[in-house]
Amino acid sequence: MDKLRILYVSSEINPFLETSDVAAYVRQLPADMQDRGAEIRILVPRFGLINERKNRLHEVVRLSGINITVGEEEKALVIKVASIPNAKLQVYFIDNEDYFHRKSVFFDKKNKFYDDNDERAIFFCKGVLETVKKLGWAPDIVHCNDWMTALIPMYLKTTYRNDPMFKDTKSVFTVYNNAFSDKFDADLLEKAKAMDVSDEALAHLRSADFDGFIKLGVAYADAIVKVDKEFGEGLNKLLNESPKRVDIVEEDDNLLSEQYYNLYNDLVGQE
C-alpha cells in the first residue's frame with residue numbers, strides 16, 4: 001500500500017508562531033501521522049512575527065515566482081521553508097511582502113482588525129494549492145485548520161476538481177472558536193472568485209464575517225472536526241447537526257492519533 005499523503009494547512013504552528021490552541025494541535029498531529037508511516041507536508045503563512053534568522057527560514061526559489069490573483073490584483077508568491085527542531089518535519093511558509101511582513105497577525109497594535117485580512121486568507125488558500133501543484137505532490141488528504149483555511153475545501157471542489165494533482169483529494173476542516181466580531185468589505189465574494197467558482201459557491205461568504213468562512217468550510221469539506229465545545233448559536237447548531245461531523249475524543253494522545261489515522265484512511269477508502 002502506498003504511503004498516505006497528508007497536507008496540513010494552518011495559520012500557525014509551534015515553535016514558529018503560537019497565538020491559540022491551533023499551533024500545538026498542528027505541531028503534534030503531523031508528527032503522530034509521520035510516526036504511523038504517512039508522508040507529510042505542512043503549509044502556514046509567514047507572518048511578520050516569525051523570526052526568519054532565528055528559525056532558519058530560507059526561500060525555495062524553484063517554488064517561488066507564481067502570481068496569485070486576489071480580485072483584480074495579482075500578488076507575488078514567495079515560498080520559504082524551515083525544519084521543526086528535533087523532528088523530521090519541514091514547514092513551508094507562504095509569503096508576500098504586502099500581506100505578511102507586519103509584526104502582528106490579524107490585529108494591529110491598537111487592536112484594529114486589518115482591513116485586508118480577507119485578501120490575506122484568499123491569497124494564502126490559493127497559494128497553498130498552487131504551491132502543492134508546483135511541488136508535484138498529490139495529497140490524499142488536505143487537513144485545514146481554523147477560519148483562514150476555510151476556502152480550500154471549496155477550491156478543491158470547484159477550481160481544482162479536475163486537476164490531476166487533486167482529483168482524488170479529500171479534505172478535513174477542523175473548526176476552532178477563534179471568532180472575531182469584525183466584518184469584511186462587501187467585495188469579499190469578488191476577491192475570492194477563481195475559475196469555476198460561482199456566486200452561489202461563495203454564498204456563505206455574503207455575511208462577510210467569521211461565521212461565513214466557517215460555514216463555507218463546513219459546506220465543502222469531506223469531514224468536519226469540532227475542537228472547541230461552544231460557538232455562537234447558529235454555528236453550534238450547524239456543526240452539531242452536520243452529517244460530516246466526526247467526534248474525536250481528545251483525552252489520550254495515542255487514542256487521538258489512532259482516531260485521526262482511521263479518519264484519514266476511511267476518507268481515502270483504504271483499509
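Values in this document were obtained by computation on a predicted structure and should not be read as measured data.

Asker: Describe the pattern of salt bridges, listing the residues and the values that go with them.
Answerer: Enumeration according to the criterion identifies 21 salt bridges in this entry. Between Glu52 and Arg46 there is a salt bridge whose closest N-O contact spans 3.2 Å. On the basis of relative accessible area, Glu52 is assigned to the partly exposed category, the value being 25%. What makes Arg46 buried here is its relative accessible area of 6%.

Asker: I'd like a description of the environment of Asp95, backed by residues and values.
Answerer: On the secondary structure map, Asp95 appears in strand β6 (residues 90-95). Asp95 gets classed as buried once you look at its relative accessible area, which sits at 1%. Between the C-alpha atoms of Asp95 and Val44, which are 51 residues apart in sequence, the distance is 9.0 Å. In contact with Asp95, not counting residues within four places along its chain, are Arg46, Glu52, Ala76, Leu77, Val78, Lys80, Phe100, His101 and Phe123. For Asp95, the side chain forms a polar contact with the side chain of Arg46, separated by 3.5 Å. Within the structure, Asp95 has its side chain in polar contact with the side chain of Lys80 (distance 2.8 Å).

Asker: I'd like a rundown of helix α9 (residues 253-268), residues and numbers included.
Answerer: For α9, with 16 residues, the first-to-last C-alpha span of 23 Å sits near the 22 Å given by 1.5 Å per residue. Restricting attention to buried positions, one finds in α9 the residues Leu256, Ser257, Gln259, Tyr260, Leu263, Tyr264, Asn265 and Leu267. Residues of α9 that are buried make contact with β1 (5-9), α1 (22-35), β7 (141-145), β8 (170-175) and β9 (223-226). Within two residues after α9, Gly269 carries a phi angle of roughly 80 degrees, on the positive side.

Asker: Describe the nonpolar core, and please don't skip the residues or the numbers.
Answerer: Ranked by internal contacts, the top residues of the largest apolar core, which has 98 residues, are Trp147, Leu151, Tyr155, Tyr260 and Tyr264. Sort the elements by how many residues they give to this core and helix α4 (residues 117-135) lands first, with 9 residues. Every residue in contact with Trp147, bar those within four places of it in the chain, is listed here: Phe106, Asn117, Ala121, Phe180, Phe184, Phe210, Phe213 and Ile214.

Asker: Account for the packing of aromatic side chains, with residues named and values stated.
Answerer: A full pass over the atoms with the stated rule returns 21 aromatic pairs. Ring centres of Phe47 and Phe106 lie 5.6 Å apart, and the angle between their planes is 80 degrees; on these two criteria the pair is classed as edge-to-face. Of the two residues, Phe47 is situated in the loop between β2 (39-45) and α2 (52-55) and Phe106 in the loop between α3 (97-100) and α4; the sequence distance between them amounts to 59 residues. Measuring from centroid to centroid gives 6.3 Å for Phe100 and Phe123, while their planes differ by 50 degrees, and the two rings are tilted. Here Phe100 is found in helix α3, whereas its partner Phe123 is found in helix α4, with 23 residues between them in sequence. The exposure class assigned to Phe100 is buried, which follows from its relative accessible area of 0%. Judged by relative accessible area, which is 0%, Phe123 ranks as buried. By the ring-pair criterion, three or more aromatic residues cluster together here, those being Phe47, Tyr99, Phe100, Phe106, Phe107, Phe113, Phe123, Trp147, Phe180, Phe184, Phe210 and Phe213. Of note, Lys75 hangs over the ring of Tyr99, and the distance from its end group to the ring centre comes to 5.3 Å.

Cut-offs and rules
- For every chain, the first residue of its written sequence is number 1, and the numbers climb from 1 along that sequence.
- In keeping with the model being predicted, local features are shown solely for residues with a pLDDT of at least 70 and side-chain atom pairs are shown and tallied solely at 80 or more, while totals for entire chains, interfaces and linings include all residues.
- For side-chain calculations, the full set of non-hydrogen atoms in the structure is used, while hydrogens and water are omitted.
- Any carboxyl oxygen of Asp or Glu that lies within 4 Å of a side-chain nitrogen of Lys or Arg is treated as forming a salt bridge with it.
- The rule is simple: take the accessible area with a 1.4 Å probe, protein chains only, and divide by the maximum for that residue type; under 20% is buried, over 50% is exposed, in between is partly exposed.
- A run of H or I in DSSP counts as a helix once it spans at least four residues, and a run of E counts as a strand once it spans at least two, with each numbered from the N terminus.
- Contacts were defined at the residue level, with two residues in contact if any of their heavy atoms lie within 4.5 Å.
- Counting of polar contacts relies on pairs of N or O atoms within 3.5 Å, with two restrictions inside protein: one atom must be capable of donating a hydrogen and the other of accepting it, and residues adjacent in sequence are counted only when both atoms are side-chain atoms.
- To estimate the expected span of a helix, subtract one from its residue number and multiply by 1.5 Å.
- Only buried Ala, Val, Leu, Ile, Met, Phe, Trp, Tyr and Cys residues count toward a nonpolar core, and they belong to the same one when joined by side-chain atoms within 4.5 Å.
- Stacked, tilted and edge-to-face are the three classes assigned to paired rings of Phe, Tyr and Trp, where Trp is represented by its six-membered ring and a pair needs centres within 6.5 Å; plane angles under 30 degrees give stacked, over 60 edge-to-face, the rest tilted.
- Two conditions define a charge sitting above a ring: the NZ of Lys or the CZ of Arg must be within 6 Å of the ring centre, and it must be within 35 degrees of the ring normal.

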